[in-house]
Amino acid sequence: MPEARRLEALAERMRAVEPVAPSPGAKIRGWNLVLAAVAHSATRRPRISVTRLVLAAAAAGVLLVAGALAASADSLPDSALYPLKGVLEHARGTFAFSPTDQLTYHLELSQTRLAEAEAMIARHRLDLAGRALDGLDNELEDAAQLVQTAKQNDAAAAADMENRLQQAIATHELQLAGLQAQVTNPTALSAISRARDRAAAALQTAEKAGPNGKNGNPSQSPAGGKGNGPATSAHPTPKH
Amino acid sequence: MRALGKAASDDDRPLIERVRRGDQDAARTLYERYFDRIYNYVYARLGRAEDAEDLAIDTMTRSLTRLDLFQDQGVAFSSWVYRIAHNATIDHYRRNGKVKLVPLDNAILPQTADPAELALEQLSNEDLREALGDLTDEQQQVLILRFFQDLTAAQVADIIGKSVGAVQALQHRALGSLERALQGRAAN
C-alpha cells in the first residue's frame, strides 16, 4: 500500500477513537472551583459607583499589593515575600508559549537564582544558597531540554537557542568560579562545584540531538552522540 | 460522532466581554463549551483521569480569570485555552515525569476484507495511545489536536504558533513516526 494511503488510514483510525468524557462529578467540582475563582476575580474589580472613601481605600490596597508585588520581585530567599516571588514567576512561565519565550524565561530565572545564591552565601545562609543553586541548575536543565526539542523541529531556531544557552552558561560559569574563589566553607564549595557540574551537563544535553535524532528521524540512534556544535568541556571539579 | 465538535471562536468574543464584566452565566457557557474538550486533550496526553481532571479544571480557571492577558495574545480564545492546557501538561510532566498511559476500552470498528487495513482494525485504542507516547511532544500535540480533537490544520497552527504548511509537514512526519512506533511494538 502506498505511504500516503497508509498514513491516511492511520489518521482515520485515530479519528475513530471516541473522546473520553470527564466524570459528572469532576465537571461539577470543576465548575464550583471556576465559579469561585471568577467571582473572586470579579470582586477585585473597582466599581464605578463606589464612594470616594472606598475608592481611596481600594487605591491604598492596590498600592499595598503593587508594592508587595514589586518588592517580592527583588526579594531574596530569606525574605517573607519570597514565596510570592515564586508564584509570580510560575504565573509568568504559564504564559510563555513559544520555545524562544520559554528559553528566555528559564535563562532569566537561572540568572535570578544565581544572584540569590550569591546573596545567601554573603549572608552565610548556606542552606538557602544550596537551594538557589539547585534552582539554577533546574532552570538550565529545562532550557537544555527546550533546545533539544527544538532541534527536532526547527534547526535554525535551535541553533540560535543553543547559542543563547551556551552564552548564559558561560556567564554563569564565570560567576560561579568567582564565587568559588571567595568562599572557604566546605558545604558552600561543594554546592558551587555541584552547580558547575550540572550546568556543564545541561550544556551537553542541549548539544545532543533530540530523542528521535535530528529532524525527528527515528531511525537515528537515540544515543546518537553530541551534536556538531562547539565542544565545551566540563570544568575541572576542585578537590576539597 | 464526536461531542467535541468544532471550535466556536467567533462566538466566544461577546461571552468573553461578559465574563470580564463579572457575568457568571457567560463564564458557565464558556466552561461548558471547553471543559470536555480540554479534559479530552489532557487525558490523551497524560492517560490518567485524575490528573486530567485536575489540569482541565486548572486550565479553565486560569483561562476565565486571566482574560486580561488574553487581550494581548492575538489568537482565538480556543487556541489560547489549548495553549494554557499544553503548558499545564508540560509543567505536569516536569513535576512528575512522564507516566505510563492506562488501558482504554477498544473502539468497535467496522470489519473489512482488505488485509492491508486488517492490522489497523485489530489495533486497540490502548496500543494507539501507548505508541503516541513514543512520539515527540510536538508530534503528539499535532496528532491529538488534529485527529482526537478534530481541529483543522489552521486551528492547530494557531494553537502551536506555526504556519499551516508547517503543521501539515509535522502531521505527516508524526503519522510516519506513529506508524513506525506501532510496527516496532508489533515486532516486540
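For every chain, the first residue of the written sequence is number 1, and numbering continues from 1 along that sequence. Here the convention is simple: chains get letters from A, ligands get numbers from 1, in the order in which they are written. Selection of residues for local features in this predicted model requires a pLDDT of at least 70, selection of side-chain atom pairs for listing and counting requires 80 or more, and totals for whole chains, interfaces and linings are taken over all residues. Derived side-chain values reflect all non-hydrogen atoms in the structure, with water molecules and hydrogen atoms excluded from consideration.

1. A short note on the overall build of chain B
When helices and strands are counted, chain B shows 10 helices and 0 strands. Counting from the amino terminus, chain B carries its helices and strands in the arrangement α-α-α-α-α-α-α-α-α-α. Summary of the burial criterion: residues with accessible area below 20% of their type's maximum are buried, those above 50% are exposed, and those between are partly exposed, where the area comes from a 1.4 Å probe applied to protein chains only. By the burial criterion, 54% of the 188 residues in chain B qualify as buried. Any pair of residues with heavy atoms lying within 4.5 Å of one another is described as a contacting pair. Taking the intrachain contacts of chain B between residues at least 6 apart in sequence as the baseline, contacts between residues at least 24 apart amount to 61%. Carbon and sulfur atoms form 47% of the exposed surface of chain B, whose accessible area is close to 8200 Å². The helix count covers DSSP runs of H or I at least four residues long, the strand count covers runs of E at least two residues long, and both are numbered beginning at the N terminus. In this description, accessible areas are obtained by the Shrake-Rupley approach with a 1.4 Å probe, and a residue is regarded as covered only by the protein chains that are shown.

2. Observations regarding the overall build of chain A
For chain A, the count of helices and strands is 8 helices and 0 strands. Ordered by position from N to C terminus, the α and β elements of chain A give α-α-α-α-α-α-α-α. For chain A, the proportion of its 240 residues judged to be buried stands at 38%. Relative to all contacts within chain A whose residues are 6 or more apart in sequence, the contacts with residues 24 or more apart total 62%. When the accessible surface of chain A is split by element, carbon and sulfur atoms take 60% of a total near 12700 Å².

3. A few points about the confidence of the model for chain A
All names here are of chain A. For chain A, per-residue confidence averages 78 on the pLDDT scale, and residues scoring 70 or more make up 82% of the total. Per-element confidence in chain A ranges from a low mean pLDDT of 75 for helix 3 (residues 52-73) to a high of 90 for helix 5 (residues 99-122). Confidence over residues 211-240 falls short of pLDDT 50; this stretch has 45 contacts with residues more than four positions distant or in other chains. pLDDT gives the predictor's per-residue confidence on a scale running from 0 to 100.

4. A look at the interface of chain A and chain B
Listed by partner, the interface residues are 48 residues for chain A and 66 residues for chain B. Each partner contributes to the roughly 5100 Å² buried at the junction of chain A and chain B, and carbon and sulfur atoms together form 61% of this total. Throughout, buried area stands for the accessible area (probe radius 1.4 Å) lost by two parts on being put together, summed over both. When the area that chain A buries against chain B is broken down by residue, the three leading residues are Arg13(A), Met14(A) and Trp31(A), summing to 15%. Salt bridges are defined by distance alone: a side-chain nitrogen of Lys or Arg within 4 Å of a carboxyl oxygen of Asp or Glu. In this structure, the connection of chain A to chain B is made through 6 salt bridges. Across the salt bridge formed by Glu179(B) and Arg6(A), the nearest N and O atoms sit 2.5 Å from each other. Mapped onto the side of chain A that touches chain B, the elements with two or more residues apiece are helix 1 (3-15), helix 2 (24-43), helix 4 (82-94), helix 5 and helix 6 (126-153) of chain A.

5. Topic: the side chain of Gln140(B)
Looking at where Gln140(B) falls in the secondary structure, it is placed in helix 8 (residues 137-148). A distance of 3.5 Å separates polar atoms of two side chains, one belonging to Gln140(B) and the other to Arg45(B). As used in this structure description, the phrase polar contact means that two N or O atoms lie within 3.5 Å; if the pair is within protein, one of them must be able to donate a hydrogen and the other to accept it, and residues adjacent in sequence are counted only when both atoms belong to side chains.

6. Re the pattern of salt bridges
Per the counting criterion, the structure on display carries 28 salt bridges over all chains. Residues Arg113(A) and Glu116(A) are paired through a salt bridge, measuring 2.8 Å at the closest nitrogen-oxygen approach. With Arg113(A) and Glu116(A) both in helix 5 and 3 residues apart, the pair spans about one turn of that helix. Classification of Arg113(A) by relative accessible area gives buried; the value is 8%. With a shortest N-O distance of 3.7 Å, Arg198(A) and Asp134(A) are connected by a salt bridge. Taken together, the residues span a long stretch of sequence, with Arg198(A) in helix 8 (residues 186-207) and Asp134(A) in helix 6 at a distance of 64 residues. Residue class for Arg198(A) comes out partly exposed when judged on its relative accessible area of 23%. Under the relative-accessibility criterion, Asp134(A) is labelled partly exposed at 30%. When salt bridges that share partners are traced, they join Lys27(A), Arg28(B), Glu32(B) and Asp36(B) into one network.

7. Considerations on the nonpolar core
Considering soluble globular proteins, one finds that nonpolar side chains tend to be buried as a cluster. Residue types Ala, Val, Leu, Ile, Met, Phe, Trp, Tyr and Cys, when buried and joined through side-chain atoms within 4.5 Å, form a set referred to as a nonpolar core. Of all hydrophobic cores here, the largest spans 68 residues; its most connected members are Met14(A), Ile38(B), Met60(B), Phe77(B), Trp80(B), Leu143(B) and Leu178(B). Of all the elements, helix 2 (residues 24-46) of chain B adds the most residues to this core, at 13 residues. For this core, the domains that each give at least three residues are domain 1 (1-98) and domain 2 (105-188) of chain B. If we ignore the near neighbours within four places in the chain, the residues touching Phe77(B) are Asp12(B), Ile16(B), Leu30(B), Tyr34(B), Ser63(B), Leu64(B), Leu67(B) and Phe70(B). Boundary definitions for the domains trace back to an automatic or database domain assignment.

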